[in-house]
Amino acid sequence: MRTTVLLLLVIGILALWLNPAPCHAVPTQFGDTGLLSQPSAETLDAGNLSFGLWLNHSDGDGGSATVAPVALTLGLGSFLEVYGTYPNLLFNDDDLASGRGDLALGFKARVLGKRSSPFKLALDVQGRRSVADDPGRDGVNSYLGRMIGSYRPERFGVHANIGYQGNDSPRDVHYDNQVLVGGGIEFYPNPRARLIAELGYATEKEKGRGEEGEAMIGLQYFASPHLTLNLGVGVGIADASPDWRILAGMSTTQGIGTYFVPVPRLIQPPDPVSAPAGAAPDTEELPGIRPLSPLLAAQAQPRALTGVELHEMPVAPTASAPDVILTAAERLPQAEGAPVRTRGLSPLAPMTSAPSPVAETIAAPAPDESSQEAIRTYVYRKFRLPEFSFGFDQHSLSDEGRKAVSEIIADLRREGRWFLLRIDGHTDNVGSAQYNERLSLRRAIAMGSYIAGHEGLDPARIFVKGFGQDQPLADNETAEGRSLNRRVEILVLLPKDGMR
């Protein structure tokens, strides 16, 4: 047993140095993702490995006790995780007094809600085996099943769980089966800190010892996307629990990580050359707001996109810019007879300064769908959406991706220009080149179909291209580099010399 524990410890320490990267779910001291001790309906991302090392000191009628639990968590899919914990690396006899004396192996499946959904529901099953110096209580098995619900719309979250634990009885002692309930709340004052309050309760296990229950408040700090620091202080609220407890620990996750590093938007300053001849430079600016592109400098009040982490790339939108050639083969595929839905706004072409609330027929010159001639264009604006716009290894848009696309189209709608779109998909080099090229194209098509079906843009003006792993932005040898390379870029294009 000690050999196994030491092996787990070595694996966990190595994980600190193997370039881990950020995830939505943070494991508890028991290995299941959640708060400090209470689980949530979150699950670790596919292929991610998390290691946690904790220090747990308590004091009560049974005396003071100090244990050092260690936990490992593995994401098996987009909604599955398996986890395990060993109660005490100190190998002392404090396990029973601390109330943390079980070796556990568990499996959690999210059964309702996507990773980006505010509400989620998960089922958790777990096997436990007591570890104690008392031969009468060592090696006793327990079996736990519970349902977990989580609601987290933005920076605030609520979690609750209810379960049933069947306990085998050790020699000369009778253990009752238990009903377990618990939950907690969380609040993120900023992206790198999480405040936690949680409560756990269980009915009586050993006759005469009473019920178990604790309340705890704590703080988690994301020192980096790879390292989470934990601190909690708890009090006992039932007879069988210690009077108070102090919990401290650290965990590291390899894969998607513990939080997203905000990606700054690159805003190109206004081009003074574009100002009318003889006009005085406009030095009046709104605090913190700059135009999104040089061509917006001459328009009305400058404005910045809000609500999403968009990354607009600086471009030089002039007719002398390099050509972007659009071909008929790159036009967005459409199911025959599929209707194009609008959102109650006028189509993006033609545009007026005040869009009508009633959809109209597109009257601006559009490329002939049956034409095989190439179209010469240049890049007017360019947007880059990061990897969380899609699920891991998936081509369907996430809620974040849909929101980002809607923000972009709303901004383009306000400009009042006629344009074409080309959507470029890119991946890292994990997997075969053929697989990555297909995945990148499918993601581009999914985004183009969303724009046509939900934002009212004529699909004949949308082009898609999958580059796969051929145009990396960063080194694919690092997790950060691979994350940057997994992206979709939206090119807003204007035709050169009219439509060709």
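Every residue gets a number counted from 1 within its own chain, in the order that chain's sequence is written. Restriction of local features to residues with pLDDT of at least 70 applies here, the model being predicted, together with a cutoff of 80 or more for giving and counting side-chain atom pairs; totals for whole chains, interfaces and linings are based on all residues. Hydrogens and water are ignored here; the side-chain numbers use all heavy atoms of the structure.

## Topic: the pattern of salt bridges
Here is the rule we go by: We define a salt bridge as a side-chain nitrogen of Lys or Arg found within 4 Å of a carboxyl oxygen belonging to Asp or Glu. By the criteria applied, helices consist of DSSP H or I runs no shorter than four residues and strands consist of E runs no shorter than two, each listed in order from the N terminus. For every residue, the accessible area (1.4 Å probe, protein chains only) is compared with the maximum for its type, and the residue is labelled buried under 20%, exposed over 50%, or partly exposed between those bounds.
In total, this model carries 20 salt bridges according to the counting rule given. The closest approach of N and O atoms between Asp32 and Arg146, which form a salt bridge, is 2.8 Å. In this pair, Asp32 is assigned in the loop between helix 1 (2-15) and strand 1 (49-60) and Arg146 in strand 7 (residues 141-151), connecting sequence segments 114 residues apart. Both residues of the pair, Asp32 and Arg146, belong to the buried class. One salt bridge in this structure joins Glu415 and Arg381, with 2.1 Å as the shortest N-O distance. Linking Glu415 in helix 3 (residues 399-415) with Arg381 in strand 16 (residues 375-385), this pair joins segments that are 34 residues apart in sequence. Across this residue pair, the class does not change: Glu415 and Arg381 are buried. Salt bridges here are not isolated pairs; linked through shared partners, they connect Glu312, Arg381, Asp411 and Glu415.

## Side note on the environment of Ala122
To keep things clear, this is the line we draw: The contact definition used throughout considers only heavy atoms, calling two residues in contact when any of these lie within 4.5 Å.
Examined against the element boundaries, Ala122 turns out to sit in strand 6 (residues 119-130). Sequence separation of Ala122 and Arg110 is twelve residues, and the distance between their C-alpha atoms is 4.0 Å. Apart from residues no more than four positions distant in its own chain, Ala122 is found in contact with Ala41, Lys108, Ala109, Arg110, Val111, Arg146, Met147 and Ile148.

## A word on the pairing of strand 1
Test applied: Strand pairing follows a simple DSSP-based rule, namely that at least 2 bridges must link the two strands.
Pairing between strand 1 and strand 3 (residues 70-77): five bridges, direction antiparallel. Bridge pairing in strand 3 places Ser50 opposite Thr73. Note: strand 1 against strand 13 (residues 244-254), eleven bridges, orientation antiparallel. Looking at the pairing, Leu53 lines up with Met250 of strand 13. Between the antiparallel neighbours strand 1 and strand 2 (residues 63-67) lie two residues.

## Things to note about the nonpolar core
Rules: The term nonpolar core refers to a set of buried residues drawn from Ala, Val, Leu, Ile, Met, Phe, Trp, Tyr and Cys, joined through side-chain atoms within 4.5 Å.
Membership of the largest hydrophobic core comes to 28 residues, with the highest contact counts inside it found for Leu385, Leu421, Ile423, Met447 and Ile451. Of all the secondary-structure elements, those providing two or more residues to this core are strand 16, helix 3, strand 17 (420-426), helix 4 (433-455), strand 18 (462-468) and strand 19 (487-495). Leaving out residues up to four positions away in the same chain, Ile451 has contacts with Val405, Ile409, Leu421, Ile423, Gly456, Leu457 and Ile462.

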